[in-house]
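Structural overview for review
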Amino acid sequence: MYVAYYLHWSADSVLDLEHPARQRVIEEIGRINKRISDPDAADG
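Right, let's walk through the structure included here.

Reading the values: rules and limits
Residues numbered from 1 in each chain as written. Predicted model: local features only at pLDDT ≥ 70, side-chain atom pairs only at ≥ 80, totals over all residues. Heavy atoms only, no water. Salt bridge = Lys/Arg side-chain N within 4 Å of Asp/Glu carboxyl O. Helix = DSSP H or I, 4+ residues; strand = E, 2+ residues; numbered from the N terminus. Buried < 20%, exposed > 50% of the residue type's maximum accessible area, 1.4 Å probe, protein only. Patch = residues over 30% accessible without salt bridge, like charges linked within 9 Å, V, L, I, M, F, W, Y side chains within 5 Å. Areas by Shrake-Rupley, 256 points an atom, 1.4 Å probe, with all protein chains shown as cover.

**Digging into the pattern of salt bridges**
Per the counting criterion, the structure on display carries two salt bridges. The partner of Arg31 in a salt bridge is Glu28, with the nearest N and O atoms 2.8 Å apart. Taken as a pair, Arg31 and Glu28 lie in helix H3 (residues 19-37) at a separation of three residues, close to a single helical turn. For Arg31, a relative accessible area of 37% translates into the label partly exposed. Classification of Glu28 as partly exposed rests on a relative accessible area of 31%. Via salt bridges that share partners, Glu28, Arg31 and Arg35 belong to a single interconnected network.

Laid out in structure tokens, this is it:
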């Protein structure tokens, strides 16, 4: 699982999140990965 992999959480912990919270976490992981891979890219 994407969130479990990046945050080192158990699958059960991820699945315990409400869908909107899980979606926000996924979006934030994506933003972090984008900044890491291209520090000059603007957040958008």
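**As for a nonpolar patch on the surface**
A cluster of nonpolar residues, Tyr2, Tyr5, Tyr6, Leu7 and Trp9, forms a patch on the protein surface that exposes about 520 Å² of accessible area. Structurally, Tyr6 can be placed in helix H1 (residues 2-7). Assessed through its relative accessible area of 37%, Tyr6 is described here as partly exposed.

It is worth stressing that arrangement in space is one thing and function is another; only the former is reported here.
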